[in-house]
Structures are given as structure tokens and as C-alpha cells.
Amino acid sequence: MSLVFTPHFQVDGLFPDVVLLSADNVTFHAHRQHLLAASTNFFGGALASQALHPIVLPETSVVLNIVLHLIYGMSVLRFQPPFEAADAALAALIGAYGVPAARLARSAPLFQLATSYAPYRPIDAYALAAHHGLEDIAVAVSAHLLAYDVSRVTDELSIKMGSVYFSRLYNLQQARLAALKNIVLRPPAAHPPTPACNGDVQRELSRAWAFAAAQIVWTALPSTSIGALQSAFAQAGADIVCPDCQIMLQSRVAEVTREWAAVKVA
Ligand SMILES: [Zn+2]
């Protein structure tokens with residue numbers, strides 16, 4: 001028997017009035033009205049009649065547990081279901097049980113669950129969200145894909161996510177790279193000439209900056225960190241002895257940091 005969906009599982013003071021049986025023989029007690037309210041097709045036709053005997057469903061208990069938690073708007077995170085189970089649960093909810101994707105798109109427990117896979121299954125989580133048009137989830141997950149090599153997306157995954165979401169991922173990365181180039185190619189401003197540091201000396205700083213910027217652009221990933229930028233430009237300024245040049249350098253590095261932090265990550 002399910003640990004949550006027991007005969008004592010009350011909602012709004014009402015006891016369950018329907019019994020579902022998973023493919024691996026786990027019983028789930030649920031509320032007919034609650035399932036019907038979420039579904040546009042009588043819960044896959046299973047609730048079309050007033051049958052009292054257990055309704056046998058093709059999903060495993062792990063999958064059905066997710067299905068029911070999401071229908072009831074309850075977090076399923078503590079079960080830490082494997083990604084494949086979440087994938088199957090969404091397919092069942094939308095494809096079999098007639099729960100509209102638009103309703104799921106507003107589900108906080110689904111957002112929590114789907115984004116929980118982002119750190120270690122980012123491309124799979126992205127494709128899953130994309131497949132069902134769950135935009136907020138896709139956007140949140142895409143922040144974990146900045147370093148992902150989109151050329152590695154398999155045919156299967158690219159079909160699953162569809163060309164629109166595939167392009168969005170590619171465009172996000174390209175936009176970040178273009179923004180990074182724009183940001184780093186602008187050198188520090190010159191300070192007014194001093195007896196120790198005239199225009200010729202100041203060009204040293206510009207050259208060192210341009211060299212560091214070229215290296216960054218050459219090796220840049222859409223996921224380049226702020227720390228990596230700071231250390232590259234700090235190295236560029238290591239040989240600059242003029243304190244005024246150092247001030248201009250620090251101020252430009254601070255700008256670069258702010259500008260890069262402001263570029264969209266998702
Ligand atoms: Zn100077």
C-alpha cells in the first residue's frame with residue numbers, strides 16, 4: 001500500500017473513495033472528485049463508470065506516486081524519484097490521464113521536481129520540459145546548460161525537445177558568447193598623462209588588456225565565470241607599475257564583472 005495514499009488520506013475532511021492499483025500491485029487510495037477535476041478525460045476513462053473494485057493502471061508505483069502527488073499539488077521531492085520515473089509520470093499525466101499541460105505548468109511541486117534534476121541531468125530535464133511546453137521549467141533548467149555542448153544533443157533528444165527549444169538553447173549560448181566578446185574587448189580608459197606615465201606607457205596596459213581579452217574570447221564558454229575573467233585581467237595588469245593605470249584597470253575589471261553578471265543566464 002502507498003505510504004501517503006492510504007484509506008485514511010483525507011482531503012477537505014473527505015476519505016478516499018477510489019482505489020487504484022499500480023502495475024507492481026501497490027494500492028493507492030484517492031478521491032474520485034479530485035481526479036476528475038484534474039482530468040479532461042475521466043482520468044483516462046478509468047473513472048467513466050462508478051466501478052468500486054480497484055482500478056488497475058499500467059504505471060509502476062513509483063510513477064503513479066508522482067502522478068498522484070502532482071494531481072494533489074503535493075511535493076514529491078522527499079521520494080527522490082529517478083528522472084525516468086518523472087518522465088514517465090508526465091507522459092502519463094498529459095498523454096493518458098488528460099491533465100492539461102497548462103495546469104501542470106503552474107504546479108510548484110512539478111517545478112521543484114523537474115528542476116531538481118537540472119544539476120546532474122540538465123539536458124534531459126530541459127528536453128522533458130520542452131517536450132511538454134513547460135516554459136518556466138525549461139528556462140530555469142537552461143541556466144545549467146551554459147557549458148553544454150549543443151552539438152552533443154542526440155537526435156532522440158533534439159526531436160523530443162523540438163526545434164524551437166533547441167534553437168532557444170543554442171541562441172542563449174550564442175548570445176552570451178557575443179555579449180562576453182563585447183564586454184571584454186573594451187579596454188580600460190586612459191588616465192590624464194602624468195610625468196611618469198604618458199600615452200606611450202598607457203598603451204602598454206591597452207596591449208596587455210587586448211591580449212588577455214583575445215585569450216578569453218578564444219577559449220570562452222557561455223558559462224565563463226566572473227572569477228575567470230577577474231583573474232585573466234588581473235594577470236594582464238601584473239606588470240603595470242603606474243598606480244593611475246592600475247586604478248583604471250581595477251575600475252574596468254569591476255565594470256566587466258557587473259556587465260557579465262547582468263547577461264541573461266536562462
Ligand atoms: Zn598610467
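Just above, that's the structure.
Heads up: these notes are all about the structure in this document. Each chain carries its own residue numbering, running from 1 in the written order of its sequence. In keeping with the model being predicted, local features are shown solely for residues with a pLDDT of at least 70 and side-chain atom pairs are shown and tallied solely at 80 or more, while totals for entire chains, interfaces and linings include all residues. Only hydrogens and water are set aside; all other atoms, that is, all heavy atoms of the structure, feed into the side-chain values.

1. Overview of the nonpolar core
Link 1 in the chain: We define the nonpolar core as a collection of buried residues of types Ala, Val, Leu, Ile, Met, Phe, Trp, Tyr and Cys that are connected through side-chain atoms lying within 4.5 Å of one another. Only protein chains enter the accessibility calculation, which uses a 1.4 Å probe; a residue whose area is less than 20% of its type maximum is buried, one above 50% is exposed, and one in between is partly exposed. Grouped together as the largest cluster of nonpolar side chains are 59 residues, with contacts concentrated most on L20, L35, F43, V67 and I71.
Link 2 in the chain: Beyond its immediate sequence surroundings of up to four residues, I71 is in contact with H34, L35, A38, F43, L93, V99 and R103. Contact criterion: two residues are considered in contact whenever any of their non-hydrogen atoms come within 4.5 Å of each other.

2. Side note on the coordination of the zinc ion
Link 1 in the chain: Donor atoms from the polypeptide that bind the zinc ion are H191 (NE2), C197 (SG), C242 (SG) and C245 (SG), placed at 2.1 to 2.3 Å.
Link 2 in the chain: Metal coordination here is assigned from N, O and S atoms located within 2.8 Å of the ion, or within 3.2 Å for Na, K and Ca; omission of water means that sites may look incomplete. In these descriptions, tetrahedral denotes four donors with every angle between 85 and 135 degrees, square planar four donors and octahedral six donors with opposite donors over 155 degrees apart and the rest between 65 and 115, and irregular any other case. Each of the four donor atoms bound to the zinc ion contributes to angles spanning 103 to 119°, and the resulting shape is tetrahedral.
Link 3 in the chain: Considered as a linear motif, the donors of the zinc ion on their single chain read H-x5-C-x44-C-x2-C. One end of the pair, C197, is in the loop between α8 (155–185) and α9 (199–219); the other, C242, is in the loop between α10 (226–236) and α11 (243–262), with 45 residues separating them in the sequence.
Link 4 in the chain: Note on C197: relative accessible area 0%, which makes it buried.
Link 5 in the chain: Residue classification places C242 among the buried positions, given a relative accessible area of 9%. Under the DSSP-based scheme used, a helix requires at least four consecutive residues in state H or I and a strand at least two consecutive residues in state E, with every element numbered from the N terminus.

3. A word on the packing of aromatic side chains
Link 1 in the chain: Each aromatic pair joins two rings of Phe, Tyr and Trp (for Trp, the six-membered one) with centres within 6.5 Å, and gets the label stacked for planes under 30 degrees apart, edge-to-face for over 60, and tilted for any other angle. By the definition in use, this model includes nine aromatic pairs.
Link 2 in the chain: On the basis of an interplanar angle of 45° and a centroid distance of 6.2 Å, the ring pair of F5 and F28 is categorised as tilted. Note that F5 is positioned in the segment before β1 (18–21) and F28 in strand β2 (residues 27–30), a separation of 23 residues in sequence.
Link 3 in the chain: Using a relative accessible area of 0% as the deciding quantity, one classes F5 as buried.

Keep in mind these numbers describe shape, not what the thing actually does.
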